[in-house]
Amino acid sequence: MSALQVPLSAVSGGALPIDLETAGQSLQPEGVSGLPIGPVRIRGTLTGDGVQFVFTGHVAGSFTGTCARCLGPAEMPFDVEAIWVFSQGPLPHPLEDWEEEEVEDEEADSGVTRIPLDGNFIDLALAAWEEIALAMPLKFLCKETCAGLCPECGANLNDTRCGCAAGTNETTFANKGLKALGDLFPDLKPDRSED
Ligand SMILES: [Zn+2]
Ligand SMILES: [Zn+2]
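What counts and how
- Residues numbered from 1 in each chain as written.
- Chains lettered and ligands numbered in written order.
- Predicted model: local features only at pLDDT ≥ 70, side-chain atom pairs only at ≥ 80, totals over all residues.
- Heavy atoms only, no water.
- Helix = DSSP H or I, 4+ residues; strand = E, 2+ residues; numbered from the N terminus.
- Buried < 20%, exposed > 50% of the residue type's maximum accessible area, 1.4 Å probe, protein only.
- Contact = heavy atoms within 4.5 Å.
- Areas by Shrake-Rupley, 256 points an atom, 1.4 Å probe, with all protein chains shown as cover.
- Pairing = 2+ DSSP bridges.
- Axes fitted to C-alpha atoms, helices over the stretch in contact; angles between N-to-C directions.
- Phe/Tyr/Trp six-rings, centres within 6.5 Å; stacked < 30°, edge-to-face > 60°.
- Donors = N, O, S within 2.8 Å, 3.2 Å for Na, K, Ca; no water.
- Tetrahedral: all angles 85-135°; square planar, octahedral: opposite > 155°, others 65-115°.
- Salt bridge = Lys/Arg side-chain N within 4 Å of Asp/Glu carboxyl O.
- 1 Å grid on protein atoms, 1.4 Å probe; cavity = no way out; pocket = protein on both sides within 12 Å on 5 of 7 lines; lining within 4 Å.
- Points joined across faces, edges and corners; volume = space filled by probe spheres on them.
- Nonpolar A, V, L, I, M, F, W, Y, C, P; charged D, E, K, R; others polar.

**Q** With reference to specific residues and values, describe the overall build of the protein.
**A** Within the protein one finds 3 helices and 7 strands. Counting from the amino terminus, helix and strand elements in the protein follow one another as β-β-β-β-β-α-β-β-α-α. Expressed as a percentage of its 195 residues, the buried residues of the protein come to 32%. In the protein, 60% of the contacts between residues at least 6 apart in sequence involve partners at least 24 apart. Of the roughly 12000 Å² of accessible surface on the protein, a fraction of 54% belongs to carbon and sulfur atoms.

Printed below as a string of structure tokens:
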């Protein structure tokens, strides 16, 4: 049992400070595909009354991948606020007691994740993994302002001005502004045949 599996007896009736750093892979449940993450830090407080246990804190680390614009390495830090409610048996506050829409709103706003307890320990690894999977960006960028690659010669425009018509600052700027329009109206794209 790793430090990420906290025995219920360690929490009951008190508050247990949590500050763990672990390799991202060590959080990965069996049978699910991996996430491109480095070390993960889980810090917060675990409280419990023997029936319900609540972790409030943060899960932080970095996603590592390939920049969608320049194909260079992209590291995207994350630091998500986590509220995990682990409970045995039926939830202590049955959802039927509340207006259903209110519950949905409140849980969506507060980011509360409810997790049934399975066995006599609290599995922080599983909860952290799900939190990280939800935080994963759809697209990796090395930086918001990444200039990408020259569409003509492939030079990395973050490092160099390659001199191609498409790679000079002037036309890159124009291309950026017009790209969305150009995708909608291909006739607007500059005609390169006269270069
Ligand atoms: Zn980039
Ligand atoms: Zn170029």
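After that view, the rundown keeps rolling.
**Q** How would you summarise the sheet that holds strand S6 (residues 112-116) if you had to cite specific residues and measurements?
**A** Pairing in this open sheet of 5 strands is mixed, and the strands run S2-S3-S4-S5-S6 from one edge to the other. Looking at the sheet topology across the chains shown, the edges are occupied by strand S2 (15-23) and S6. Pairwise comparison of adjacent strand axes, ignoring direction, gives a mean angle of 25 degrees for this sheet. The strands touched by helix H2 (residues 124-135) within the sheet are S2, strand S3 (39-48), strand S4 (52-66), strand S5 (73-87) and S6, with S5 carrying the most contacts at an inclination of about 130 degrees.

**Q** Got a sec to walk through unusual backbone geometry? Specific residues and values, please.
**A** Backbone geometry at leucine 71 places phi at a positive 65 degrees, although glycine is not the residue there. Position of leucine 71 relative to the elements: it lies in the loop between S4 and S5.

**Q** Outline the packing of aromatic side chains, supporting the account with residue identities and numerical values.
**A** On inspection of all chains with the given rule, the structure shows 2 aromatic pairs. Each ring, one from phenylalanine 55 and one from tryptophan 84, has its centre 4.7 Å from the other, and the planes form 20 degrees; the classification is stacked. Within this pair, whereas phenylalanine 55 is found in strand S4, its partner tryptophan 84 is found in strand S5, the two being separated by 29 residues in sequence. Judged on exposure class, the residue phenylalanine 55 and its partner tryptophan 84 are both buried.

**Q** For the coordination of the zinc ion (ligand 1), give the residues involved together with the corresponding values.
**A** Taken together, the protein donors to the zinc ion (ligand 1) comprise Cys67 (SG), Cys70 (SG), Cys142 (SG) and Cys146 (SG), at separations of 2.3 Å. Geometry at the zinc ion (ligand 1) is tetrahedral, judged from its 4 donor atoms and the angles of 105 to 115 degrees they form at the metal. One chain supplies every donor to the zinc ion (ligand 1), and in sequence these donors are spaced C-x2-C-x71-C-x3-C. Linking cysteine 67 in the loop between S4 and S5 with cysteine 146 in the loop between H2 and helix H3 (169-184), this pair joins segments that are 79 residues apart in sequence. You can call cysteine 67 buried: its relative accessible area is 1%.

**Q** Any details on the pattern of salt bridges? Residues and values, ideally.
**A** Taken as a whole and assessed by the stated rule, the structure comprises 2 salt bridges. Notably, a salt bridge pairs aspartate 79 with arginine 43, separated by 3.9 Å at the nearest N-O pair. Of the two residues, aspartate 79 is situated in strand S5 and arginine 43 in strand S3; the sequence distance between them amounts to 36 residues. Judged by its relative accessible area of 44%, aspartate 79 is partly exposed. Classification of arginine 43 as partly exposed rests on a relative accessible area of 28%.

**Q** Go over the layout of surface pockets with me, naming the residues and quoting the values.
**A** Considering only enclosed or pocket space, the second largest pocket measures out at about 160 Å³ in volume. Looking at the second largest pocket, the residues that line it are Phe86, Ile115, Pro116, Leu117, Asp118, Phe121, Asp123, Leu126 and Ala127. At the level of secondary structure, the elements contributing two or more residues to the lining of the second largest pocket comprise S6, strand S7 (121-123) and H2. The residue inventory of the lining of the second largest pocket, partitioned by class, reads 7 nonpolar, no polar and 2 charged.

**Q** Lay out the coordination of the zinc ion (ligand 2) with the relevant residues and their values.
**A** Donor atoms from the polypeptide that bind the zinc ion (ligand 2) are Cys150 (SG), Cys153 (SG), Cys162 (SG) and Cys164 (SG), placed at 2.2 to 2.4 Å. What the 4 donor atoms of the zinc ion (ligand 2) show is an angle range of 106 to 113 degrees at the metal, which sorts the shape as tetrahedral. Each donor residue of the zinc ion (ligand 2) belongs to the same chain, and together they define the spacing C-x2-C-x8-C-x1-C.

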